[in-house]
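Below, each chain spelled out in residue letters.
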Amino acid sequence: MSLITRCLVTGGIGMLASAPALAGPPLSNIEGVSGGGLNATAEIANPIAKPGEGLNGSSVVGIPQVGVWYVNLPDSNLTWTALSAQMSFFNRFEVGFSQSNVDASKATGAGSVTFTTITAKLQVIKPGQFGALTPAFAVGYINKNTDNATMIPSFVPGIGGTRLYPDDSGGDYYAALTETFYKNVGLPLPISLNVGMRRTKAYLMGVEGFGQKWDNPYFASIAIGLPAPKFMSGHMALGAEYADSSNVGYDRLGRPMKTSRMYDITLAWLPTPKVTFVAAYLNTGSKNIYDGLKAGQNPSQLGSGFVLTAQYQF
């Protein structure tokens, strides 16, 4: 049965939250929130550095940033492309948007899925607000919608021909703490740490659908800013992210809706203050989509692959 994920995703594409001292604000995430690829951070997108340097000379409305994403998981014959954008207000509040196309048709025999998100983030505590080592603290919400309509086969008594997963829309709540250690602690290079937790009902990040049970997976990220080699301009950054597994209940056939833990290792190049390029290795578990499909289960792992993104801050 190729019903289960005619297009599923991996919850994440890895990107590091660039160390601010060298690399500027966080990335325009594939989910539409600023942060890394897998995880949101407590930083605000493209903050206004000085009064009057915002959008059209504003001191309130920040200048937008955008990101283009490409994810390839060859183990599962899955590709995911996305365009995302964010902008901020008062250097405290951020809104974002992402439109994705997730294609697992080679694995499932079905078409691709459109996945849309609208996000909001509030930075409750600014970095250093109550002392040099005060981390930034933010809370946020990611509204998610998928046009995936995986159906239960018509031969199943009573529920045949109806939707497999409980819902096609939902939202994640999250909280994150982010701190950069650099000259404030006497380090030669900046190191950024990020930890947080989500509250979610999303199966495979929400591209496949949403369950009826809330789960609270945690996440963590680390990034270090690096000087670029002499033959390259700008700076570089090396990072890693981890996102915990989740279980959001059961589909209408009684099978668990689980998503495996995921991690990524990323390398970013920032040739100018406005442009960033990132390449990442992404691991969503040792199994691929076929293992779950052959077992008659909802796939929870999609194997490993790579991620590419280009970012621009206007």
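Just so it is clear, the structure is predicted and the values come from calculations on it, not from any experiment. (Residues numbered from 1 in each chain as written. Predicted model: local features only at pLDDT ≥ 70, side-chain atom pairs only at ≥ 80, totals over all residues. Heavy atoms only, no water.)

Asks: Please explain the overall build of the chain as it appears in this structure.
Replies: Along its length, the chain carries three helices and 17 strands. Relative to a compact globule of 314 residues, whose C-alpha radius of gyration would be 20 Å, the chain shows 20 Å and is just as compact. Dimensions along the principal axes, computed over C-alpha positions, put the chain at roughly 65 × 40 × 35 Å. Here the chain, with 314 residues, has 50% of them falling under the buried criterion. The long-range fraction of contacts in the chain, counting pairs at least 24 apart against all pairs at least 6 apart in sequence, stands at 62%. Summing over all exposed atoms, the chain offers an accessible surface of approximately 12,700 Å²; the carbon and sulfur share of this is 63%. Charged side chains in the chain number 21 positive and 18 negative. The centres of these two groups are separated by 2 Å. (Helix = DSSP H or I, 4+ residues; strand = E, 2+ residues; numbered from the N terminus. Rg over C-alpha atoms; globule rule 2.2 N^0.38 Å. Buried < 20%, exposed > 50% of the residue type's maximum accessible area, 1.4 Å probe, protein only. Contact = heavy atoms within 4.5 Å. Areas by Shrake-Rupley, 256 points an atom, 1.4 Å probe, with all protein chains shown as cover. Lys, Arg positive; Asp, Glu negative; His and termini not counted. Charge placed at Lys NZ, Arg CZ, Asp CG, Glu CD.)

Asks: What should I look at first to understand a nonpolar patch on the surface in this one?
Replies: A cluster of nonpolar residues, Phe-93, Leu-122, Val-124 and Val-139, forms a patch on the protein surface that exposes about 280 Å² of accessible area. Within the fold, Val-139 resides in strand β7 (residues 136–146). (Patch = residues over 30% accessible without salt bridge, like charges linked within 9 Å, V, L, I, M, F, W, Y side chains within 5 Å. Salt bridge = Lys/Arg side-chain N within 4 Å of Asp/Glu carboxyl O.)

Asks: Explain the packing of aromatic side chains to me, please; I cannot follow it from the model alone.
Replies: How two aromatic rings sit relative to each other is given by the distance of their centres and the angle of their planes. In total, this model carries eight aromatic pairs according to the counting rule given. Ring centres 4.9 Å apart and planes at 45° place the aromatic pair Tyr-141 and Tyr-173 in the tilted group. Residue Tyr-141 is located in strand β7, and its partner Tyr-173 is located in strand β8 (residues 169–181); the two are separated by 32 residues in the primary sequence. Ring pairs connect the aromatic residues Tyr-141, Tyr-173 and Trp-214, which therefore count as one cluster. (Phe/Tyr/Trp six-rings, centres within 6.5 Å; stacked < 30°, edge-to-face > 60°.)

Asks: Help me understand the pairing of strand β13 (residues 246–250) in this model?
Replies: Regular strands place side chains that alternate from one sheet face to the opposite one. Looking at chain direction, β13 and strand β14 (residues 256–259) are connected through three bridges and run antiparallel. Paired with Asn-247 across the strands is Lys-258, a residue of β14. Linking two consecutive strands that pair antiparallel, namely β13 and β14, is a turn of five residues; a positive phi of about 85° is found at Gly-254 within it. (Pairing = 2+ DSSP bridges.)

Asks: Would you take a moment to explain the side chain of Lys-121 for this structure?
Replies: You can see Lys-121 is positioned in strand β6 (residues 113–125). Residue Lys-121 is classed as buried on the basis of its relative accessible area, which comes to 1%. Here the side chain of Lys-121 touches Thr-41 through a polar contact of 2.7 Å, landing on its backbone oxygen. (Polar contact = N/O pair within 3.5 Å; in protein donor to acceptor, adjacent residues only side chain to side chain.)

Asks: Please explain the side chain of Asn-91 as it appears in this structure.
Replies: Inspection of the secondary structure assignment puts Asn-91 in the loop between β4 (78–89) and β5 (93–103). On the basis of relative accessible area, Asn-91 is assigned to the buried category, the value being 17%. The contact partners of Asn-91, leaving out residues within four places of it in the chain, are Ile-44, Pro-47, Ile-48, Gln-123 and Lys-126.

Asks: What's the story with the nonpolar core in this structure? I'm lost.
Replies: Soluble globular proteins: nonpolar side chains tend toward being buried together. Residues Ile-30, Val-71 and Trp-80 are the most contacted members of the largest nonpolar core, which totals 31 residues. Elements with a contribution of two residues or more to this core: β3 (65–73), β4, β6, β16 (275–283) and α3 (289–294). (Core = buried A, V, L, I, M, F, W, Y, C linked by side-chain atoms within 4.5 Å.)

Asks: Got a minute to help me understand the confidence of the model for the chain in this structure?
Replies: The predicted coordinates should not be examined in detail at positions where pLDDT is low. Counting all residues, the mean pLDDT for the chain is 88, and 92% of those residues have values of 70 or more. Here residues 1–24 scores under 50 on pLDDT; set against residues more than four positions off or in separate chains, the count is 142 contacts. (pLDDT = per-residue confidence, 0-100.)

Asks: Looking at this structure, I do not really get the environment of Ser-105. What am I missing?
Replies: Tracing the sequence through the fold places Ser-105 in helix α2 (residues 105–108). C-alpha separation for the pair Ser-105 and Asn-77, spaced 28 residues apart in sequence, amounts to 8.0 Å.

Asks: What am I meant to see in the environment of Thr-146 here?
Replies: Assignment of secondary structure puts Thr-146 in strand β7. Distance in space between the C-alpha atoms of Thr-146 and Phe-210 is 9.4 Å, their sequence separation being 64 residues. Among the polar contacts listed, one links the side chain of Thr-146 to the backbone nitrogen of Asn-148, at a separation of 3.0 Å. One polar contact links the side chain of Thr-146 to the main-chain carbonyl oxygen of Val-207, over a distance of 2.7 Å.

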